[in-house]
Amino acid sequence: RGPMPLVTAVVGVINQHDGTVWVVDAGHPSPVLVDASALQVKEIAQRDPILGLMPDYRYTATRVQLAPEDKILCYTDGLPETENPEGESFDRYFHEAVTQHAFSSPDSFIELLRERIETFMGDHPQGDDILLSCISVEVASWVYLELPPSTRENAIADIVSGLFSCFFDERN
């Protein structure tokens, strides 16, 4: 038996009817809420351990309420780690770049952010993969679970635990 693989993940469930989002973060860069009304960007999930690090860990689901025009941005660690030719990290400019396009549609938001990153990098080689995903209530197409409010938080945590079990139990 070899070493256990380590995997980061973000799992989210959106209630399209009321804009409630439940998010679990397993060691991944925390998704951010782009609050269009306040022009603020804030991390929305408690960062729990990487999948595989603590097999019996109970992950925490964070509840977020989206308002019209709000977005959730999920991204890989390649985004904040991106460097320009001078060796500066994009992490310094991340919140400014995200707030600058807060009122854009999700597709435009991703495209404008991609252009900003490419301009920042210039001719400096990309050091890691960059994946961006932007979600808003108006265009959400994720799985919708009809659960009583008291069980939603546990259900989301169970989904992550189930993903962990499926992925790692196959190796045994």
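Here, every reference points to the structure presented above.
Keep in mind the model is a prediction, meaning the values are calculated, not measured. (Residues numbered from 1 in each chain as written. Predicted model: local features only at pLDDT ≥ 70, side-chain atom pairs only at ≥ 80, totals over all residues. Heavy atoms only, no water.)

Some points on the sheet that holds strand 3 (residues 32-35)
Let me state the cut-off plainly: For two strands to pair, DSSP has to find at least two bridges joining them. Helical segments are the DSSP runs of H or I of at least four residues, strand segments are the runs of E of at least two, and each set is numbered from the N terminus. Only the contacting stretch of a helix is used when fitting its axis, a line to C-alpha atoms as for every element, and angles between N-to-C directions run 0 to 180 degrees. Contacts are assigned to residue pairs that have any heavy atoms within 4.5 Å of one another.
Pairing within the open sheet is antiparallel, and its 4 strands lie in the order 4-3-7-8. One side of each edge strand has no neighbouring strand; the edge strands of this open sheet are strand 4 (40-43) and strand 8 (132-135). If you compare each strand with its neighbour and ignore which way they point, the axes differ by 25° on average. Examined bridge by bridge, strand 3 and strand 7 (residues 71-75) share 3 bridges and lie antiparallel to one another. Across the sheet, the residue bridging to Leu 33 is Ile 72, located in strand 7. The strands that helix 3 (residues 106-121) touches are strand 3, strand 7 and strand 8; relative to strand 8, the one it contacts most, it runs at about 150°.

As for the pattern of salt bridges
Short version of the rule: In the sections that follow, a salt bridge refers to a side-chain nitrogen of Lys or Arg positioned within 4 Å of a carboxyl oxygen of Asp or Glu. Classification of residues uses two cut-offs on accessible area relative to the type maximum, computed with a 1.4 Å probe and protein chains only: under 20% is buried, over 50% is exposed, and between them is partly exposed.
Counted under the stated rule, the structure contains 5 salt bridges. Where Glu 88 meets Arg 92, a salt bridge forms, and the shortest distance between an N and an O atom there is 2.9 Å. Judged by relative accessible area, which is 25%, Glu 88 ranks as partly exposed. A relative accessible area of 63% means that Arg 92 is categorised as exposed. Taken together, the salt bridges that share partners define one network made up of Glu 111, Arg 114 and Glu 118.

Some details on the side chain of Thr 76
The criterion, for reference: Here a polar contact is recorded for every N or O atom pair within 3.5 Å, except that within protein the pair must consist of a potential hydrogen donor and a potential acceptor, and residues adjacent in sequence are included only if both atoms are side-chain atoms.
Mapped onto the elements, Thr 76 comes out in the loop between strand 7 and helix 1 (78-81). Separated by 3.3 Å, the side chain of Thr 76 and the backbone oxygen of Asp 129 make a polar contact. Not counting chain neighbours up to four residues away, the residues in contact with Thr 76 comprise His 28, Pro 29, Asp 129, Ile 130 and Leu 131.

Re the nonpolar core
Under the convention used in this document: For our purposes a nonpolar core is just a set of buried Ala, Val, Leu, Ile, Met, Phe, Trp, Tyr and Cys residues, chained together by side-chain atoms within 4.5 Å.
Counting residues in hydrophobic clusters, the biggest one holds 18 residues, and the most contacted among them are Leu 73, Phe 94, Val 98 and Leu 113. Where this core is concerned, the elements lending two or more residues are strand 3, strand 7, helix 2 (94-100), helix 3 and strand 8. Looking at this core element by element, the count peaks at 5 residues for helix 3. Excluding anything up to four places from it in sequence, Phe 94 contacts Val 32, Leu 73, Tyr 75 and Leu 79. In terms of nonpolar packing, the next biggest core, distinct from the first, is built from 12 residues, Leu 33, Ile 44, Leu 66 and Val 137 among them.

Nothing here speaks to function; it is all geometry.
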